[in-house]
Amino acid sequence: MTTGTLITVAPTGAESAKAEVPALPVTLDELLLTAKECEALGAAVIHVHIRDDEAKPTLDQGRLRETVAALRESTDLIVQLSSGGAVTDPEADRLAVLDAGPDMASCTMGTLNFGDDVFLNRWEFIVDLHTRMQERGIVPEYEIFDLGHLAALQRLLGKYGLPAGGHVHVDFVMGVPGGMPGTTSTLVAAHQALRDLPEGTTFSATGIGRSTIPVMLASLSAGGHLRVGMEDTVTYAKGRPVESNMQLVARAVGFAQLAQRPPLTTAEARGLLGVPAAGR
Ligand code: KMH
Ligand code: ZN
């Protein structure tokens, strides 16, 4: 039975421009401050995309390593690097994200239209990500943008075995134009489809844009966990831009407490996800 709520903050993403969203954390200092404050509020996992000196998305290996080290130094958060990057990133650079040695990395389970772009995730690429994470002890979070991605995950686990840590955790990313909608009925369908995955599989959910609140409430009521942050949501309410990631984490913590499923500590989150203790 699910008790507490795992809260993941996705503070930056690769899609919003700093010029249009000035509160977006893009420098290492901004990211560290955000990470510390979100941890203090109740986040246990940070899903990280980084930016270059021009605030453009980058998968620069030196910066990724520096970011992982700095987050470990300043917080106890579980550090999850995005292997999705930006839609323009080549597969080799996305695979090389694992070389930075994060606790976790995302692994998107299929190709989809992504607004006007295509987010390409070929089967062989997914297999490479999954097996390299197995070899290196990096725990995946399987990103599910559409219901068919769950069937792909079932196939992946059946052919290549359980992930590092032995626990399967998925994240429903809902409301991307081209993916599944961010509605309660779709979340229920996705939740039901988990029965074909290994016993004990857990899920988080995030709703892009205005679907953030319905998805959050639906996930909590279905026993799921939450991902929030400015990667997914830059409008707090109609006509009100998000002021900070902390504002979004605080709202998620409030909802989780109302649901009587308070935030998991970072140690509890490591236990749930099969991520080794900090300082391993
Ligand atoms: N930026 C999107 C193209 C992930 O981080 O793994 C992909 C994404 C998923 O954000
Ligand atoms: Zn991401």
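Predicted, not measured: the structure shown is a model, and the values here were computed from it.

## Quick notes on the overall build of the protein chain
Broken down by element type, the protein chain carries nine helices and 14 strands. In summary, the protein chain has a C-alpha radius of gyration of 17 Å against a globular reference of 19 Å for 280 residues, a match within 12%. Seen through its principal axes, the protein chain has C-alpha atoms that stretch 45 × 40 × 40 Å. Sorting the 280 residues of the protein chain into buried and exposed places 55% on the buried side.

## A word on the pairing of strand S9 (residues 139–144)
Where burial is concerned, most of S9 is hidden: six out of the six residues are buried. Pairing geometry for strand S6 (residues 104–108) and S9, over five bridges, is parallel. Within S9, the position partnered with Ala-105 by the bridge is Pro-140. Crossover handedness for the path S9 to helix H5 (residues 148–160) to strand S10 (residues 169–174): right-handed.

## As for unusual backbone geometry
Leaving glycine out, the prevailing phi sign among residues is negative, and the prevailing peptide bond configuration is trans. For Ala-55, which is not glycine, the phi dihedral falls at a positive 70°. For Ala-55, a relative accessible area of 16% gives the class buried. A positive phi angle is found at Gln-260, which is not glycine, with a value near 60°. If you trace the backbone, Gln-260 turns up in the loop between helix H8 (245–258) and helix H9 (266–273).

## Here we look at the sheet that holds S10
A barrel is described by the order of its strands in space; here eight strands give the closed sequence S1-S2-S5-S6-S9-S10-S11-S12, paired in parallel fashion. If you compare each strand with its neighbour and ignore which way they point, the axes differ by 25° on average. Against the sheet, helix H2 (residues 61–74) touches strand S2 (45–48) and strand S5 (78–81), its axis set at about 160° to S5. Where H5 meets the sheet, it contacts S9 and S10, and its direction lies at approximately 150° from that of S9.

## A few points about the site of ligand 1
Taken together, the neighbourhood of ligand 1 is formed by Glu-15, His-47, His-49, Ser-82, Gly-84, Gly-85, Val-87, Ser-106, Thr-108, Phe-114, Phe-119 and Glu-231. Take His-47: an N or O atom from its side chain is 3.0 Å from an oxygen atom of ligand 1. For ligand 1, an oxygen atom lies 3.1 Å from a polar atom in the side chain of His-49. For ligand 1, whose unbound accessible area comes to 300 Å², protein coverage reaches 97%. Along the lines of polarity and charge, the residues of the shell around ligand 1 split into three nonpolar, seven polar and two charged.

## Brief notes about the side chain of Asp-232
Mapped onto the secondary structure, Asp-232 falls in the loop between strand S12 (225–228) and strand S13 (235–237). Among the polar contacts made by the side chain of Asp-232, one reaches the side chain of Thr-206 at a distance of 2.7 Å. The residues contacting Asp-232, other than those within four sequence positions of it, are Ala-10, Thr-206, Gly-207, Ile-208, Gly-209 and Arg-227.

## Structural notes on the nonpolar core
Core analysis: the largest hydrophobic core is formed by 37 residues, its most contacted members being Ala-43, Ile-46, Val-48, Leu-71, Leu-81 and Val-249. For this core, the secondary-structure elements that each account for two or more residues are strand S1 (7–9), helix H1 (28–41), S2, H2, S5, helix H7 (212–221), S12 and H8. For this core, the element with the highest residue contribution is H8, accounting for six residues. If we skip the residues at most four places from it in the chain, Leu-71 touches Leu-31, Leu-32, Ala-35, Ile-46, Val-48 and Val-79. Among the nonpolar cores identified, the runner-up in size contains 31 residues, and Tyr-142, Ala-152, Val-168 and Ala-205 belong to it.

## Here's the deal with the side chain of Arg-227
When you line up the elements, Arg-227 lands in strand S12. Polar side-chain contacts of Arg-227 include one of 3.4 Å to the side chain of Glu-231. Only 2.9 Å separates the side chain of Arg-227 from the side chain of Asp-232, close enough to count as a polar contact. Excluding residues within four positions of it along the chain, Arg-227 makes contact with Thr-8, Ala-10, His-47, Glu-141, Glu-143, Asp-171, Ala-205, Thr-206 and Asp-232.

## Considerations on the coordination of the zinc ion (ligand 2)
Only His-47 (NE2), His-49 (NE2) and Glu-231 (OE) from the protein coordinate the zinc ion (ligand 2), and they sit 2.1 Å from it. The sequence pattern formed by the donor residues of the zinc ion (ligand 2) is H-x1-H-x181-E. Taken together, the residues His-49 in the loop between S2 and strand S3 (50–51) and Glu-231 in the loop between S12 and S13 connect sequence positions 182 residues apart. Judged on exposure class, the residue His-49 and its partner Glu-231 are both buried.

Rules behind the numbers
- Residues numbered from 1 in each chain as written.
- Chains lettered and ligands numbered in written order.
- Predicted model: local features only at pLDDT ≥ 70, side-chain atom pairs only at ≥ 80, totals over all residues.
- Heavy atoms only, no water.
- Helix = DSSP H or I, 4+ residues; strand = E, 2+ residues; numbered from the N terminus.
- Rg over C-alpha atoms; globule rule 2.2 N^0.38 Å.
- Buried < 20%, exposed > 50% of the residue type's maximum accessible area, 1.4 Å probe, protein only.
- Pairing = 2+ DSSP bridges.
- Right-handed = clockwise from strand over helix to strand, strands pointing away.
- Axes fitted to C-alpha atoms, helices over the stretch in contact; angles between N-to-C directions.
- Contact = heavy atoms within 4.5 Å.
- Near = heavy atom within 4 Å.
- Polar contact = N/O pair within 3.5 Å; in protein donor to acceptor, adjacent residues only side chain to side chain.
- Areas by Shrake-Rupley, 256 points an atom, 1.4 Å probe, with all protein chains shown as cover.
- Nonpolar A, V, L, I, M, F, W, Y, C, P; charged D, E, K, R; others polar.
- Core = buried A, V, L, I, M, F, W, Y, C linked by side-chain atoms within 4.5 Å.
- Donors = N, O, S within 2.8 Å, 3.2 Å for Na, K, Ca; no water.

Treat this as a map of the structure, not an account of what it does.
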